[in-house]
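Residue-level listing of the chains:
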Amino acid sequence: MSDFEPEIDDIRAMRQENGGADLKAFLRQQIANGRAQREQPARKPVLKPPGHRPGAWPPGCSPPGPPPERQIPAPAWQAAARHASNEINRPDQPCDCGNCPVADTEENR
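Residues numbered from 1 in each chain as written. Predicted model: local features only at pLDDT ≥ 70, side-chain atom pairs only at ≥ 80, totals over all residues. Heavy atoms only, no water.

Participant: Go over the overall build of the protein chain, please, and point to the residues and values.
Facilitator: Secondary structure assignment for the protein chain yields 3 helices and 0 strands. Starting at the N terminus and ending at the C terminus, the protein chain contains elements arranged as α-α-α. Total accessible area on the protein chain stands at roughly 10,400 Å², and carbon and sulfur atoms take up 54% of it. (Helix = DSSP H or I, 4+ residues; strand = E, 2+ residues; numbered from the N terminus. Areas by Shrake-Rupley, 256 points an atom, 1.4 Å probe, with all protein chains shown as cover.)

See below:
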């Protein structure tokens, strides 16, 4: 690597020789020398993957179920789900769950 600083006369001479190819070659060499002198950025160490996948249960097991005091019989659960669905999808029609108020229509009077 050279620390050559050309004078103005040297640059003029390089422009005139070989149609300016000497100046282009000189400048490209200066750029290459500058890049070679740069320090390479320190690489971050590659971290080991964690022992588990975040947000997932470990392989071979499942999440715990509801506590025993919250065990709901299947028919009651299905009726509650049907009622919630009817409230969301058909709010103007009562369902047969027994908890819905009867709509005030002429047929029910």
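Participant: Explain the environment of Arg 15 to me, and be specific about the residues and the numbers.
Facilitator: Mapped onto the secondary structure, Arg 15 falls in helix α1 (residues 8–16). Its relative accessible area of 55% is what places Arg 15 among the exposed residues. Setting aside residues no more than four positions away along its own chain, Arg 15 makes contact with Gly 20 and Leu 23. (Buried < 20%, exposed > 50% of the residue type's maximum accessible area, 1.4 Å probe, protein only. Contact = heavy atoms within 4.5 Å.)

Participant: Give me the confidence of the model for the protein chain: which residues, what numbers.
Facilitator: With 75% of its residues at a pLDDT of 70 or more, the protein chain shows a mean pLDDT of 76. The weakest mean pLDDT in the protein chain belongs to helix α3 (residues 74–89) at 82; the strongest belongs to helix α2 (residues 21–37) at 86. (pLDDT = per-residue confidence, 0-100.)

Participant: With reference to specific residues and values, describe the pattern of salt bridges.
Facilitator: Tallied over the full model, the rule gives 1 salt bridge. Of the charged contacts in the structure, one is a salt bridge between Arg 12 and Asp 9, with a shortest N-O distance of 3.5 Å. In this pair, Arg 12 and Asp 9 both sit in helix α1, 3 residues apart, roughly one turn of the helix. (Salt bridge = Lys/Arg side-chain N within 4 Å of Asp/Glu carboxyl O.)

Participant: Explain unusual backbone geometry to me, using residue names and the numbers behind them.
Facilitator: Phi at Asn 18 takes a positive value of approximately 55°, unusual for a residue other than glycine. Inspection of the secondary structure assignment puts Asn 18 in the loop between α1 and α2. For Asn 18, a relative accessible area of 60% gives the class exposed.

Participant: For the side chain of Asn 33, give the residues involved together with the corresponding values.
Facilitator: Relative to the helices and strands, Asn 33 is located in helix α2. In terms of polar contacts, Asn 33 uses its side chain to reach the side chain of Gln 29, at 2.9 Å. (Polar contact = N/O pair within 3.5 Å; in protein donor to acceptor, adjacent residues only side chain to side chain.)

Participant: Residues and numbers for the packing of α1 against α2, please.
Facilitator: Where α1 meets α2, the closest approach of the two axes is 5 Å, and the angle between their N-to-C directions is 120°. Classified by the angle between their axes, α1 and α2 sit oblique to one another. Taking contact as the criterion, the partners of Ile 11, Met 14 and Arg 15 in α1 are, on α2, Asp 22, Leu 23 and Phe 26. Class assignment for the residues of the contact of α1 with α2 results in 4 nonpolar, no polar and 2 charged. (Axes fitted to C-alpha atoms, helices over the stretch in contact; angles between N-to-C directions. Parallel < 35°, antiparallel > 145°, perpendicular 65-115°, else oblique. Nonpolar A, V, L, I, M, F, W, Y, C, P; charged D, E, K, R; others polar.)

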